[in-house]
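Coordinates in review
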Amino acid sequence: MIKYVCKMCGHVYDPEEGDPNAGIAAGTKFEDLPDDWVCPECGAKKSLFKKAD
């Protein structure tokens, strides 16, 4: 699964872990995150993430 990195703070969204604090289950692809999901570290919008190298 592809990881995504926040361009603002460097937080990595790992689909294998999800975002349990936001109710996002492990195994949730980045593309399947709700449009209003934000970075758990800095609050950046989903659009401010890029694919990890």
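Everything quoted here is computed from the prediction, not taken from an experiment.

**Thoughts on the side chain of Asp 19**
For Asp 19, the position within the fold is in the loop between strand 2 (12-13) and strand 3 (49-51). There is no salt bridge for the buried Asp 19, and the closest opposite charge comes from Lys 46, which lies 12 Å off by N-O distance. Residues contacting Asp 19, with those up to four places away along its chain left out, are Tyr 13, Ile 24, Trp 37 and Pro 40.

**A closer look at the UniProt feature "binding site: Fe cation" (unreviewed entry) in the protein**
Mapped onto this structure's residue numbering, the UniProt feature "binding site: Fe cation" (unreviewed entry) falls at Cys 6, Cys 9, Cys 39 and Cys 42. Their sequence span is 37 residues, while the largest C-alpha to C-alpha distance among them is just 8.8 Å; these annotated residues converge on one region. On the secondary structure map, Cys 9 appears in the loop between strand 1 (4-6) and strand 2. Here Cys 9 falls in the partly exposed class, since its relative accessible area comes to 40%. Other than its neighbours up to four places away in sequence, Cys 9 contacts Cys 39, Glu 41 and Cys 42. Note that Cys 39 resides in the loop between strand 2 and strand 3.

**Structural notes on the packing of aromatic side chains**
How two aromatic rings sit relative to each other is given by the distance of their centres and the angle of their planes. Taken as a whole and judged by the stated rule, the model has 6 aromatic pairs. With centroids separated by 4.0 Å and ring planes inclined at 15°, the aromatic side chains of Tyr 4 and Phe 30 adopt a geometry described as stacked. One end of the pair, Tyr 4, is in strand 1; the other, Phe 30, is in the loop between strand 2 and strand 3, with 26 residues separating them in the sequence. Each member of the pair, Tyr 4 together with Phe 30, is buried. Ring geometry for Trp 37 against Phe 49: centres 5.2 Å apart, planes inclined by 55°, an arrangement best described as tilted. Here Phe 49 lies in strand 3 and Trp 37 lies in the loop between strand 2 and strand 3, a separation of 12 residues in the sequence. An aromatic cluster is present here, built from Tyr 4, Tyr 13, Phe 30, Trp 37 and Phe 49 joined pairwise through their rings. Its end group placed over the ring of Phe 30, Lys 46 keeps NZ or CZ at 5.5 Å from the ring centre.

**Thoughts on the pattern of salt bridges**
For the structure on display, the rule yields 1 salt bridge. Note that Asp 14 and Lys 3 form a salt bridge whose closest N and O atoms lie 3.8 Å from each other. Note that Asp 14 is positioned in the loop between strand 2 and strand 3 and Lys 3 in the segment before strand 1, a separation of 11 residues in sequence.

Rules behind the numbers
- Residues numbered from 1 in each chain as written.
- Predicted model: local features only at pLDDT ≥ 70, side-chain atom pairs only at ≥ 80, totals over all residues.
- Heavy atoms only, no water.
- Helix = DSSP H or I, 4+ residues; strand = E, 2+ residues; numbered from the N terminus.
- Buried < 20%, exposed > 50% of the residue type's maximum accessible area, 1.4 Å probe, protein only.
- Lys, Arg positive; Asp, Glu negative; His and termini not counted.
- Salt bridge = Lys/Arg side-chain N within 4 Å of Asp/Glu carboxyl O.
- Contact = heavy atoms within 4.5 Å.
- UniProt positions renumbered as here; feature names shortened; annotations may be inferred.
- Phe/Tyr/Trp six-rings, centres within 6.5 Å; stacked < 30°, edge-to-face > 60°.
- Lys NZ or Arg CZ within 6 Å of the ring centre and 35° of its normal.

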